[in-house]
Amino acid sequence: MRRVPFYAAVIAISIAFLAPVISFMINAFAYRWFYPQLVPKEWSLQAWVRLKLIPRPGDRTLESFIDLWTGVPDVISALWLSLAIGTLVTGTSVIIGLPAARALGLYRFRGKKIVEFMIIAPTIVPPIAFSLGLNINFIRWDMALMNAGIPIDLAGSVFGVSLVHLVPVMPYVVLTLSGVFANYDADYEAQARSLGAPPWRIFWDVTLPAILPGLFVAALFAFLVSWSQYLLTFLIGQGRVVTLPALLFSAAGSGNNAMIAAISLVFIAPAILILLVTSRYLSGESSAAGGFGRV
Amino acid sequence: MISLKRTIQVALLSAVSAIGVHAHAESPPGYDSWDQVLEEARGQTVYWYMWGGSDAINGFVDTFYGDPLKEEYGINLERVPLAGTVDAVNQVISEKEAGADGDAGSVDMIWINGENFKTMQQAGLLYGPWAESIPNSALVDWGNPAINLDFGKPVEGMESPWSSAQFHFMYDSARLSDSELPRSYAELGDWIAANPGQFSYVAPGPGNFIGTRFVKQLMFELSGNHEQWVGPFNQELYDQWSMATWKELISWEPNLWREGNTYPESNADFKSLFANGEVEFAFTQSPAGAGPDIGAGVIAPTSRAFSFDNYMIGDFNYLAIPYNAPNKAAALVTANLVLRPDRQAAQVQPANGFCCGWAIDVSRVTDADQIAAIETAMMNLGDAAADPARLSGALVADIAGEYQNLIEEDWQKYVLRGEPLPE
């Protein structure tokens, strides 16, 4: 009996989480779903046909599927681009964030509060405040690099967009990992060292297994934050880096609910998949909770 | 003093437009001949920044321009989807700020009109004048003020028309019969009083020019004469008729949808109210009327279009090339292709998914095949279109851009927020 409130909470949270997804599922396949129909009278794949993921009715042969997909529909190329940027940003942010988080989690030093504040700052400042200026600077640097004979593009490139995604991503990574290190006992490393283990072996066999669950959570945050960026991607990518959120935003003004729902499903599917795969690391027992050592 | 100032202003404006007419060169600036443009364009990629909210328009552009550009001109078309055209304008502003001049920009072409054109033109962000020196511009009626003025701003060859649109209405033939339709704002006022809660309109405001247009047309009807509104901005004229307009709109409010306490914030929201039967009318800008929206499944298949008998604003939308576009030649070729009669004939047919009407004067086409394509297109507007004769009979041009901001501000003040009208 005492567990009833617990189950009620679980159900409430599940509904809050699932309701939008279910609504997308219905809308993406509904056709002319207007008031007063409680449930759609007509079902259709027209949104998916318009997204060029499914051939037109009457032409749904294997060949036309292959034709369509070898042409790489916009949604699919946007999906790959989002995945590529997300992966790049996640990897980079963890590599940069790990040493910072270790220092913040394990040591006390002068000015630590200031460093902590600087790291959280990007979550306080809205992206529009710095991205317009950053775009202008990127364009300037591109021209300077070009004059110096280095043809690297920051503005309008996948590289530049990934770099800028690090700004909102880093606070989450450092915050999560510093919590991990706050509960981490560095003496294990000393023991391994006294037994003659080289540094890479200490990292691989002692540090990494201890922080792995927290590392997963940090990577998950990094990926999801990068995955959902629209404004930064648009401004720094100059509209040419067409990720899924970019497609979603330009479709959102159309008023075509089926289309919006279909793109939304493509957008949330990988996120849910990743969440499911990593869910066991998200349990309360993992060392991921906390932040900056105040556990 | 005021009238003297105005006279000088008018004189200056006409002088400017006279220069504009004579200033256009034989070839677009920077090129000696059209052949040189074609040659330079071969192998280029044109980055075309345009509102990307309609998959039907996106598909039309990729198919009807992307394919021939590649096959006939060796040009790659990269369509850059925007949530709003102003995003492209801001990008060019940022580039200018950073000093990315010459051909160091990123935007080759923008689908543009009105406020955004004015911003770019005033900030010196456009390449040109070129629009009257591309070969197919001979098919454009540049003498038409609806073409050579964009929201009252002289075009002066800095943008080239793509298509036309005209404001009119949609209704659902399953709910209303043709004889019940209002044919003027006066009749609409009576209809609203007789059918409480079933009418609304898009809130005029930035980005919602269609709502502003609905209000402008009422102002024309109340003033009884559209001619006086054409030409430069006239504050006295506005003051004379705006209060009557607000009074009329306020008098509707008790019988509007949600008693006029709130208004649809975008045309997409408004259309969805119409589709769900909350309001009985919606707006369209397409010569195919309700056709494109029926095709997209966003409104009932029994929806039809209709026009009032007068004061239905029509205008053109354009293509502009930023001053620092990296692939100007390819952009010029694309803008020229867009005006080719067979492409123009394709864009007016609802089956092809594009929204809007002709940019060319079809009577100027001489090629027999092209004339045949145009005639076929004229027959294929679909039965969801408004009566074309009635629509063209009601056509009036849009007016100076200054009115736009004033109407939007005053509407929000007096109608939406309900501040007392000055005596």
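Above this text you will find the structure in question.
Quantities reported herein were computed from a predicted structural model and do not represent experimental measurements.

J.: How should I be thinking about the sheet that holds strand β9 (residues 303-306) of chain B in this particular structure?
T.: Note: strands within a sheet are paired through backbone hydrogen bonds, in either parallel or antiparallel orientation. Residue and element names in this part refer to chain B. On the basis of which strands lie adjacent, the open sheet formed by three strands has the order β8-β7-β9 and antiparallel pairing. In this open sheet, the two strands that pair with only one neighbour each are β8 (282-284) and β9. Shown here is a sheet whose adjacent strand axes are inclined to one another by a mean of 40 degrees, direction ignored.

J.: Explain the packing of helix α9 (residues 199-227) of chain A against helix α12 (residues 257-277) of chain A to me, please; I cannot follow it from the model alone.
T.: Packed helices, taken two at a time, are described by the angle between their axes plus the distance between the axes. Residue and element names in this part refer to chain A. Here α9 crosses α12 at 175 degrees, and the two axes come no closer than 11 Å. Classified by the angle their axes make, α9 and α12 are roughly antiparallel. Here L220, F223, L224 and W227 of α9 come into contact with α12, specifically with F267, P270, A271, I274 and L275. In terms of residue class, the contact of α9 with α12 is made up of nine nonpolar, no polar and no charged.

J.: Would you mind going over the interface of chain B and chain A with me for this structure?
T.: When the parts of a complex come together, some accessible area is lost, and that lost area is often taken as the interface size. At the interface, 34 residues of chain B touch 30 residues of chain A. Carbon and sulfur atoms make up 54% of the area that chain B and chain A hide from each other, which totals about 2600 Å². Together, D55, A98 and N276 of chain B form the three largest contributors to the area buried by chain B at its contact with chain A, with a combined 19%. Put simply, chain B and chain A have two salt bridges between them. With a shortest N-O distance of 2.8 Å, D55 of chain B and R50 of chain A are connected by a salt bridge. For the pair chain B and chain A, the number of links is 10 residue pairs in polar contact (both at pLDDT 80 or more). Looking at the side of chain B that touches chain A, the elements that each hand over two or more residues are β1 (45-51), α3 (55-73), β2 (76-82), α4 (86-98), α10 (267-275) and α11 (291-295) of chain B.

J.: Any chance you could explain the pattern of salt bridges here in plain terms?
T.: Between side chains of opposite charge, pairing is possible as soon as their charged atoms come close. Residue and element names in this part refer to chain B. Scanning the model with the defined rule gives 21 salt bridges over all chains in all. One salt bridge in this structure joins R364 and D141, with 3.3 Å as the shortest N-O distance. Highlighted residues: R364 in the loop between α13 (341-348) and α14 (368-379) and D141 in the loop between α5 (114-122) and α6 (145-148), separated in sequence by 223 residues. Using a relative accessible area of 35% as the deciding quantity, one classes R364 as partly exposed.

J.: Would you explain the nonpolar core in this entry?
T.: Side chains that are nonpolar tend, in soluble globular proteins, to be buried together. Residue and element names in this part refer to chain B. By size, the foremost hydrophobic cluster in this structure holds 75 residues, and its most contacted members are W48, Y65, W162 and L332. At eight residues, helix α12 (residues 328-338) tops the list of elements feeding residues into this core. The residues contacting Y65, other than those within four sequence positions of it, are W48, F60, L77, W162, L337, V338, R343 and Q347. Counting 60 residues, the second-largest nonpolar core is a separate cluster that includes F169, L176, Y311 and I407.

J.: When you look at the pairing of strand β10 (residues 312-320) of chain B in this model, what are you seeing that I'm missing?
T.: Consecutive residues of a regular strand have side chains that alternate between opposite faces of the sheet. Residue and element names in this part refer to chain B. Within β10, nine of the nine residues are buried, which leaves it mostly tucked inside the rest of the structure. Of the two faces of β10, the one lined by M312, G314, F316, Y318 and A320 and the one lined by I313, D315, N317 and L319 are each fully buried. Relative to β10, strand β3 (residues 109-112) runs antiparallel, the two sharing three bridges. Each residue of the ladder has a partner; that of I112, found in β10, is Y318. In this sheet, β10 lies alongside strand β6 (residues 159-166) in antiparallel orientation, the contact comprising seven bridges.

Rules and cut-offs
Residues numbered from 1 in each chain as written. Chains lettered and ligands numbered in written order. Predicted model: local features only at pLDDT ≥ 70, side-chain atom pairs only at ≥ 80, totals over all residues. Heavy atoms only, no water. Pairing = 2+ DSSP bridges. Helix = DSSP H or I, 4+ residues; strand = E, 2+ residues; numbered from the N terminus. Axes fitted to C-alpha atoms, helices over the stretch in contact; angles between N-to-C directions. Parallel < 35°, antiparallel > 145°, perpendicular 65-115°, else oblique. Contact = heavy atoms within 4.5 Å. Nonpolar A, V, L, I, M, F, W, Y, C, P; charged D, E, K, R; others polar. Buried area = accessible area lost by both parts, 1.4 Å probe. Salt bridge = Lys/Arg side-chain N within 4 Å of Asp/Glu carboxyl O. Polar contact = N/O pair within 3.5 Å; in protein donor to acceptor, adjacent residues only side chain to side chain. Buried < 20%, exposed > 50% of the residue type's maximum accessible area, 1.4 Å probe, protein only. Core = buried A, V, L, I, M, F, W, Y, C linked by side-chain atoms within 4.5 Å.

Coordinates in, geometry out; function isn't part of it.
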